[in-house]
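# Descriptive structure summary
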Amino acid sequence: MTIKSILTIVLGICVAGMIVTFLILSLLRQRGGGSNKNVAAGLAPVSNRSLKLTSFLLRLYRGGMKVPLLSSYIVQLKKRISFRHVGDEPALRRRTMTVVLIIAGGYGSVSLILFLMQPGVAFIILSVLCGVVLNSLILDMYLNRIEKRLLVQMLELFADVRHRYHQHGMIEEALYEAGELGNGEAAEQVMLIYEALTSPDPSEALERYYEVAPNRFLKGFAGISYMVMEFGDKDRAQGSIYLKGLSNLTQEIHLEILRRDKLDYLLKGLNIIALAPVLFTAPIERWARGSFPTMDEFYRSKLGFITKISIYIIIILAYLLLQRLQQYDETRFRAGRKQTLFARMLYNQIFIRKLAMLFAPKPGSTQYSQTVRLMRESSSELKYEWLAIRRLVLFVTCFILSIMCVLLLHQVERNHIMYDPVRDDRMFGAMAEAELEQAKEKAALDRSVMQKIKMNRWASYDDIASTLQQSSPVQLDHDTQTEVIARIMKKMDSYNKQFLHWWEVIIAVVIGIAGFYLPIWLMLFQRKMRSMDMRHEIYQFQTVISILREMDRMSVEEILEWLNRFAVIFKRPLQKCLLHFEHGPEDALEQLKTDAGLPEFQRLVDKLQLALGRISIREAFDDLDSMMAFYFEQRKQEYTKMIDAKAAWGRMIGFTPMYALIFLYLVIPLVGMSFLQMNMYYEQIQKL
């Protein structure tokens, strides 16, 4: 099969997969009438086709929940979607099965492509890798699409709430009318906020809502609405406190939408570009072998196998880093708190836990303090013991996989020695059919002799000669016999060297150490990427304080409690501060400054320290409006720098696998084999 026909098949399968996915999405958009609220209102009735599709998805969900492994996957996927979609259970099940079908269709198409390109063991490994990657990629794309749509809907809804608040002067009425007349997920969220605010215990109901709020803007909106309902609105020189808070949230949403749009535009398609080399390793290898026969020796060698494995590792690392660059939602921290069953099983083993802590930095040491600080600044939800076990597991896994790869390489080399056709050094280019048959016969003769003497490295020249005379179907002349014996002795010497060497064990240990430090490196990368998100939270804290400072009888402890409700990144330091506040406010706030580490947050805590008794809260934050305006402009500039930096990193990371595939797997080996070929030409010329 030529490279042109392979690429044609790949293109056809990809187009077919796109058409199937488009048809599924089109059917789901046409399920008629949209939400249950529109149906209840007597709007467009649901069509028979939509009812059949809905029934099919629900039956598929019930059937999938009966399959052991598939049911766990569906439940996990459902939890991921439920954080961003609030509605009735059937709608959530339909959405879940829609994503499952899309992922299954994409995985099936890619698996078929891989099977056509490189069947065998490589197909199994790559299909598992592609399944994990496609699941993450499609799910993230789907969830980001829902979240972006929610942000756009929130802008319209906040404008409607503002209009209703001007009409009635009551938050409950404004929320109810805006939610009833609105459409989409944002209207459902507003109705949930309304139900929480009008419940017998609004504070407890809001705490439950904060746990499922899709983003920080809705949490801020719910909190501002509750504060104004609780303490009353006050007109300042700039206008209503509530409307001022809505304006700040609207500004934040506008900035977030612009940031997402620009970042999506600059990083669009990089995931596909980073993963594309997986599909083209086999076609490039096949083309290189057909066009340059000497490349066959490289692809069959250890170095060729190591190069292929290195390219796959580069692809995986590039994809993981791109995923980190493109993550900008805070709800995943909640989802990451629950450990897997395997991790809990390891943690329950006392021996493994003690062994992991034996290699981890000891409490009280400088390295321990640095690790804990890094975990806190990267917003990691792991315990220190979990991190130690994860690092130990990664070390053992990387070490064992490295040893297995080394042993596999030795086995591959043994197979090459035993079964590869014997190529004449005087021959250049591809062998003809007759020459190839003769080369295979020579290899079979060598293999027969080596097997009869049982690969004995101490076999003498006479032993090999006598065995060769018994195994050869024809009588060999003296020169041919000498040449064959020399070739067999060389093969046996090379075969007997295929064992685990000490330097290969050292390389496996180094790779294991790299796996041991991989979580630390990822947290360093995450801390760098999350520095801007910390400033997001600081600005939200300032918005909350700008409302609370106008309320009578407001204390520093109550402000900290409100900040804790909205916190994600700074939640742990705030919780720790509240626990120790009664034992000493000054010491608790000092510890909060130490735990936080961000200068902007430390300045905010300094003002809270001043408000402990020396001056009032309103006086301590008298310059808050000007600070918020400055920080907002500063963040706009930092957004631009951050987006440009992420775009530069994204382009470099996204194209690295393609460059690695072209240069490491084709160009550099081709140049190297060309030099070797030229050297052989030169030696042959010298012998003339």
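About the thresholds
Sequence order sets the numbering: in each chain, residues are counted from 1 along the sequence as written. This being a predicted model, a pLDDT of at least 70 is required before a residue's local features are given, and a value of 80 or more before pairs of side-chain atoms are given or counted; all residues contribute to the totals for chains, interfaces and linings. Based on all heavy atoms of the structure, the side-chain values leave hydrogens and waters out of the count. Here a helix means four or more residues in a row that DSSP labels H or I, a strand means two or more in a row labelled E, and each is numbered from the N terminus. The buried label applies to any residue whose accessible area, calculated with a 1.4 Å probe on protein chains only, is under 20% of its type's maximum; exposed applies above 50%, and partly exposed to all values in between. Note on contacts: a residue pair is in contact if any heavy atoms of the two residues lie within 4.5 Å. Note on terminology: a nonpolar core comprises buried Ala, Val, Leu, Ile, Met, Phe, Trp, Tyr and Cys residues joined through side-chain atoms within 4.5 Å. One less than the residue count of a helix, multiplied by 1.5 Å, gives the span that helix is expected to have. Two N or O atoms count as a polar contact when they lie within 3.5 Å, although within protein this holds only if one can serve as hydrogen donor and the other as acceptor, and sequence-adjacent residues are included solely when both atoms are side-chain atoms. Centre distance within 6.5 Å is the pairing criterion for rings of Phe, Tyr and Trp, where only the six-membered ring of Trp is used; planes under 30 degrees apart are then read as stacked, over 60 as edge-to-face, and the remainder as tilted. Each ring is checked for a lysine NZ or an arginine CZ that lies within 6 Å of its centre and within 35 degrees of its normal; such an atom marks a charge sitting over the ring. Within this document, salt bridges are pairs made up of a side-chain nitrogen of Lys or Arg and a carboxyl oxygen of Asp or Glu, the two lying within 4 Å of each other. Patches here are clusters of residues that have more than 30% relative accessible area and form no salt bridge, with a 9 Å joining cutoff for like charges and a 5 Å cutoff for nonpolar side chains (Val, Leu, Ile, Met, Phe, Trp, Tyr). Using a 1.4 Å probe, accessible areas were evaluated by the Shrake-Rupley method; residue-level cover was limited to the displayed protein chains. pLDDT measures how confident the predictor is about each residue, on a scale from 0 to 100.

What follows concerns the overall build of the protein chain. Of regular secondary structure, the protein chain possesses 30 helices and two strands. Counting every position in the protein chain, which comprises 688 residues, the buried fraction comes to 45%. Residue pairs in contact within the protein chain that sit at least 24 positions apart in sequence constitute 73% of those at least 6 positions apart.

Soluble, globular proteins show a tendency: their nonpolar side chains are buried together. Judged by nonpolar contacts, the single largest core of 91 residues is most densely connected at Phe221, Tyr242, Phe541, Leu560, Phe570 and Phe601. For this core, the leading source of residues is helix α11 (residues 241-267), giving 10 residues. When near neighbours in sequence (up to four residues on either side) are disregarded, phenylalanine 570 contacts Met534, Glu537, Ile538, Phe541, Ala596, Leu598 and Phe601. Counting 40 residues, the second largest nonpolar core, distinct from the first, contains Ile81, Met97, Val99 and Ile103.

Let's shift gears to α11. With 27 residues, α11 extends 39 Å between its outermost C-alpha atoms, agreeing within 8% with the 39 Å of an ideal straight helix rising 1.5 Å per residue. Capping of α11 at its N-terminal end is provided by serine 240; its side-chain oxygen lies 3.2 Å from the backbone amide nitrogen of tyrosine 242. Directly after α11, the chain includes glycine 269, whose backbone phi takes a positive value near 85 degrees.

Next up on the list: the packing of aromatic side chains. Across all of its chains, the model carries 14 aromatic pairs by this definition. Measuring from ring centre to ring centre gives 5.4 Å for phenylalanine 516 and tyrosine 517, while their planes differ by 85 degrees; the resulting arrangement is edge-to-face. Among the aromatic residues, ring-to-ring pairing joins Phe298, Tyr299 and Tyr665 into one connected group. The lysine or arginine in question, arginine 391, covers the ring of phenylalanine 516, its NZ or CZ lying 4.0 Å from the ring centre.

Residue position: serine 240 is located in strand β2 (residues 239-240). Here tyrosine 242 takes part through its backbone nitrogen, which lies 3.2 Å from a polar atom of the side chain of serine 240.

In this section: helix α15 (residues 302-326). Taking 1.5 Å per residue as the helical rise, α15 with its 25 residues ought to reach 36 Å, and the 36 Å between its terminal C-alpha atoms agrees with that figure. Of the residues making up α15, those classed as buried are Gly304, Thr307, Ile311, Tyr312, Ile315, Ala318, Tyr319, Leu322, Gln323, Leu325 and Gln326.

So, on to the pattern of salt bridges. Per the counting criterion, the structure on display carries 19 salt bridges. Close ionic contact of aspartate 261 with lysine 148 constitutes a salt bridge, the shortest N to O distance being 2.3 Å. Taken as a pair, aspartate 261 in helix α11 and lysine 148 in helix α6 (residues 121-168) lie far apart in primary sequence, 113 residues in all. Note that arginine 208 is salt-bridged to glutamate 204, the shortest N-O span being 3.4 Å. Of this pair, arginine 208 and glutamate 204 both sit in helix α9 (residues 202-212), four residues apart, which is roughly one turn of that helix. By relative accessible area, arginine 208 is classed as exposed at 51%. Judged by its relative accessible area of 45%, glutamate 204 is partly exposed. Beyond isolated ion pairs, a larger network of salt bridges with shared partners links Glu147, Glu256, Arg259 and Arg260.

Let us now look at unusual backbone geometry. We note that lysine 454 has phi near 60 degrees; this positive angle belongs to a residue other than glycine. Structurally, lysine 454 can be placed in the loop between α21 (433-452) and α22 (461-471). Residue class for lysine 454 comes out exposed when judged on its relative accessible area of 72%. Of note in this structure, methionine 455 is not a glycine but carries a positive phi near 55 degrees. Relative to the assigned elements, methionine 455 resides in the loop between α21 and α22.

Here the focus is the side chain of aspartate 446. Along the polypeptide, aspartate 446 turns up in helix α21. For aspartate 446, the contacting residues outside a window of four places in its chain are Val422, Val484, Arg487, Ile488 and Lys491.

Taken together, Tyr659, Ile662, Phe663, Leu664, Val667, Ile668, Val671, Phe675, Met678, Tyr681 and Ile685 make up a surface patch of nonpolar side chains, about 1,000 Å² in accessible area. Tracing the backbone shows tyrosine 681 in helix α30 (residues 624-687).

For the rest of this paragraph, the subject is the confidence of the model for the protein chain. Interpreting fine coordinate detail is not advised for predicted regions of low pLDDT. Scored by pLDDT, the protein chain comes out at a mean of 79, with 84% of its residues at no less than 70. A low-confidence stretch, residues 28-46 stays under pLDDT 50, and its non-local contacts, those more than four residues away or across chains, total 27 contacts. When the criterion is pLDDT under 50, residues 329-338 qualifies, and its contacts beyond four places in sequence or with other chains add up to 26 contacts.

All right, on to the environment of glutamate 437 then. Within the secondary structure, glutamate 437 is located in helix α21. In sequence terms glutamate 437 and valine 422 are 15 residues apart; their C-alpha atoms lie 9.9 Å from each other.

Inspection of the secondary structure puts isoleucine 272 in helix α12 (residues 270-275). Given the relative accessible area of 52%, isoleucine 272 is considered exposed.

All right, on to the environment of leucine 134 then. Along the chain, the position of leucine 134 falls in helix α6. We classify leucine 134 as buried; its relative accessible area is 15%. For leucine 134 and leucine 275, which are 141 residues apart along the polypeptide, the C-alpha to C-alpha distance reads 9.8 Å. Leucine 134 has contacts with Gly106, Tyr107, Val110 and Leu139, leaving out every residue within four places of it along the chain.

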